[in-house]
Amino acid sequence: MQISSMHFKARATQKLADPDLREALNGLKQRFVPGRAAVIAELDNFEEIREAAAEIRRRTLEHLDFFLETFERKATERGAVVHWAQTWQEANDIVLKIARDNGVRKAVKSKSMVSEECALNDALEGAGIEVVETDLGEYILQLGREPPSHIIAPVIHKTRDQVSDLFAEKHATPRKTDIGELTREARERLRPHFLQADMGITGANFVVAETGSTLIVTNEGNGRMATTLPRVHVAITGIEKVVPTLEDLATLLRLLPRSATGQSISNYVSVTTGTRGDDEIDGPQAFHIILLDAGRSRILASEFRDILRCIRCGACMNHCPVYQSVGGHAYGWVYPGPMGSVLTPNYIGLENALDLPHAATLCNQCGVVCPVKIPLPELLRKLREKQYERGLRPKRERAALRCWSFLAAHPRLYGWVTGAAARVLSWMGGDRKRIASLPFGRGWTEGRDLPAPEGETFRALYARRGAR
Amino acid sequence: MTSARDRVLASVRTALGRSDPLSEAQTKIMRTYLAEHPVGPRPQLDWEPVARFSERARLLSSTVEEVAALEAVPAAVAAYLRAHALPLQAIVWPQFERLDWSHAGVSVAARKAQDQDMVGITGCFCAIAETGTLLTLSGADAPPSTSLLPETHIAIVPCARIVRSMEDAWALVRSERGALPRATNFISGPSRTADIEQTLVLGAHGPYRVHVVLVRS
Ligand code: SF4
């Protein structure tokens, strides 16, 4: 996927002015947020399970090489072929080679964010291989040639009307407005692709070291189709997705669908282990698994290791006031929301995503809902510090921060300056006691008035009251 | 030139502050963890499993009925198909081919599912009460496509095979099968999507209907 994370501010401004988007994003607050809360309440020991889940992910990451090698050995024993890729390019090359070796002309895909990272579809199409996205959301995006805007609900930015127009145009059928009928139309369009495809490409929500299995969680059944019908199955995933045991998986699966879509369990949890047995009548004959690094080992080495615990549930973006307002496209790459604001600068370079660490209010809603207890606000703050250290923030902002830090370290001066500022602001507020335009703060006062301070500063008040 | 595998593993090790694989002592601890595969914290599971399974399966938009014995399944299936104006024709898992389907007026074929097949009848390895989920393990007599391609999926579930949680299901797989088959499928109700405006629609790519026939003995 093309990277345009440099332009968050400009895109966010544009998105805020889009009434269709605002309507579409309502679904987050109306469905995802209460949906999650309701199914979390089913678990009397949610916090205990959450701590266990975080611990499973921590344990895995601390011994990642061991679990990867164990996984590779087990998967290979069962007839799968395990490939390793250090870069997106390498991963694409591996898929292309598998396709060539197997005479693949058509591939069906089940939603995979890792393949979005790699821009795998472009690579396949470039090599003359037809590739069809089969998740309803991803299919809509492929028709409209758009990137996803959410890791779980990729077309959350689109209204039903927009989908109606798109289907009528691309399918050349009478325009339908009923969501059930639209879904049926997509099903009927996609079924033949499943039956004809030579290759099924999926991601993996987890891979299990103990058994050498890969696993996908879906609701539509397209993931099952892609792993059952074509003669070759390729699963592509990040090296951090390994979990030790099937029991660990059970723990994580109590949290993933609940946090993601507000379901106690997703419709299909499909675990694939090796190739089909001699006596089986369906299932692919060849199974390839690609383990991708592409920046993950670098993150593992850094102070951002915690983000690798992420199980891609999307809860942090669903609950983020910034994401709720601007949607996913503003973030400019595969991963939006708080997790994306941590991942993107780490994957593509801090200098290429300057605004992202600031695309948060640090309200910690994300930290509260994250099922694997990733301290997202803390990681965002660390990124901001790094930006400052590396001189990646605007001169004026850095000068302001230096002034503030000087003041904060000199309490007397601080008291004097803030007292003076309060008086000036109060004078500026006039009778209305509001400031309509603030020098050095025009961006802030453009959309609202600043209430003028009245009376003393907190310090002065505290000094007086404290003395009593 | 080193392989991508070696390069990836080397950078993982460097990241973890080691130049070599895990120490022997650490390896032993992790091996033991894998061998013991401890069960994590579970929520309270103190309900009656069969009732809980039925309740949860219905919440997932499956329908559930109960029959006394396996011999009663064909008649129950026939009644269900008639009630829903569905064809009295189905593909079945080979293990159920020998039930007396013709007496009930249902014609069955034990073969791989095709696009036109309207009804698929399967069993299950076990079912999970906590979530109302079916677990199927692929094999010669349990092809996965039977529960996937047809619009209607009918599952035969012996009450005795209902376990409480996914952990219990794994324990059963370990004790009865040892290893996982190619496809281990947890199925929780008819396929669905909410991709357009977060509005739930049943019947995305898989079945529109899942009907569970519980068998008491
Ligand atoms: S950071 Fe946490 S909440 Fe966000 S997607 Fe990852 S696991 Fe879910």
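Preceding block: the structure.
Residues numbered from 1 in each chain as written. Chains lettered and ligands numbered in written order. Predicted model: local features only at pLDDT ≥ 70, side-chain atom pairs only at ≥ 80, totals over all residues. Heavy atoms only, no water.

**Topic: the overall build of chain A**
Heads up, the condition is: We count a stretch as a helix when DSSP gives it H or I for four or more residues in a row; a strand needs E for two or more, and each element gets its number in order from the N terminus. As defined in this context, the radius of gyration uses C-alpha atoms, and a globule is described by 2.2 Å times the residue total to the power 0.38. Note on classification: 1.4 Å probe, protein chains only; a residue is buried when its accessible area is under 20% of the maximum for its type, exposed when over 50%, partly exposed between these limits. Whether two residues touch is decided by their heavy atoms; if any such pair falls within 4.5 Å, the residues are in contact. Each accessible area is a Shrake-Rupley estimate made with a 1.4 Å probe; only the visible protein chains count as cover when residues are assessed. Residues scored as charged are limited to Lys and Arg (positive) and Asp and Glu (negative), so that His and the chain ends carry no count. To locate a charge, take NZ of a lysine, CZ of an arginine, CG of an aspartate or CD of a glutamate.
A count of helices and strands for chain A gives 22 helices and 12 strands. What you see for chain A is a C-alpha radius of gyration of 25 Å, in line with the 23 Å of a compact globule of 468 residues. When its C-alpha atoms are laid out on the principal axes, chain A stretches across 90 × 55 × 45 Å. Taking all 468 residues of chain A together, 59% fall into the buried category. Within chain A, counting contacts between residues at least 6 apart in sequence, those at least 24 apart form 74% of the total. Carbon and sulfur atoms form 52% of the exposed surface of chain A, whose accessible area is close to 18900 Å². Each charge class in chain A can be summarised by its mean position, and for the 63 positive and 57 negative side chains these summaries are 8 Å apart.

**Considering the overall build of chain B**
When you go through chain B residue by residue, the secondary structure sums to six helices and 12 strands. Here the C-alpha radius of gyration of chain B, 22 Å, is well above what a compact globule of 217 residues would show, namely 17 Å. Taken over the C-alpha atoms alone, chain B extends approximately 70 × 45 × 40 Å along its principal axes. The 217 residues of chain B split such that 58% are buried. Per element, the accessible surface of chain B, about 8900 Å² overall, is 53% carbon and sulfur.

**With respect to the site of the ligand**
Applicable threshold: The cutoff for a nearby residue is simple: one of its non-hydrogen atoms must lie within 4 Å of the molecule or strand. Polarity classes work like this: nonpolar for Ala, Val, Leu, Ile, Met, Phe, Trp, Tyr, Cys and Pro, charged for Asp, Glu, Lys and Arg, and polar for all others, with Gly in that last group.
Close to the ligand lie Cys310, Ile311, Arg312, Cys313, Gly314, Cys316, Met339, Cys370, Pro371, Val372, Ile374 and Leu376 of chain A. Residue classes in the shell around the ligand are distributed as 10 nonpolar, one polar and one charged.

**Examining the sheet that holds strand E1 (residues 63-67) of chain B**
All names here are of chain B. Just so we agree on the cut-off: At least two DSSP bridges between two strands are needed for those strands to be called paired. Geometry is summarised by axes, namely lines fitted to C-alpha atoms with helices restricted to the contacting stretch, and by angles between N-to-C directions that run from 0 to 180 degrees.
In space, the six strands of this open sheet follow the order E1-E12-E7-E4-E2-E3, with parallel pairing throughout. Two strands lie at the open edges of the sheet, namely E1 and strand E3 (107-109), each paired on one side alone. Strand after strand, the sheet turns through a mean of 25° between neighbouring axes, direction not considered. In the sheet, E1 pairs with strand E12 (residues 209-215) via five bridges, with the strands oriented parallel. Opposite Thr63, over in E12, you have His211 as the bridge partner. Across the face of the sheet, helix H3 (residues 49-59) comes into contact with E1 and E12 while running at roughly 170° to E12.

**A word on empty space enclosed by the protein**
We apply this condition: Each cavity reported here is a set of points on a 1 Å grid over the protein atoms alone in which a 1.4 Å probe fits but cannot get out, each pocket an open set with protein on both sides within 12 Å along at least five of seven lines, and each lining residue one with an atom within 4 Å of a point. Grid points are joined across faces, edges and corners, and a volume is the space filled by probe spheres set on the points.
Tallying each qualifying case throughout the model produces six cavities of 30 Å³ or more. In this structure, the largest cavity is lined by 14 residues; those nearest its centre are Arg254 and Ile265 of chain A together with Glu130, Thr131 and Met166 of chain B. Looking at the lining of the largest cavity, the elements with two or more residues in it are helix H12 (246-261) of chain A together with helix H6 (166-176) of chain B. Grouping the amino acids of the lining of the largest cavity by side-chain chemistry returns six nonpolar, four polar and four charged.

**Considerations on the nonpolar core**
Generally speaking, a soluble globular protein has its nonpolar side chains buried in company with each other. We count it as follows: Buried residues of nine kinds, namely Ala, Val, Leu, Ile, Met, Phe, Trp, Tyr and Cys, make up a nonpolar core once their side-chain atoms join them within 4.5 Å.
Grouped together as the largest cluster of nonpolar side chains are 138 residues, with contacts concentrated most on Met199, Tyr335 and Met339 of chain A together with Trp170 of chain B. In terms of residues, this core owes the most to one element, H12 of chain A, which gives eight residues. Here Met199 of chain A is in contact with Val95, Ile98, Ala99, Val104, Lys106, Ala107, Val108, Pro230, Val232 and Val234 of chain A, once residues within four sequence places are set aside. Within the second largest apolar cluster, 25 residues are counted, among which are Leu136 and Leu143 of chain A together with Ile91 and Ala113 of chain B.

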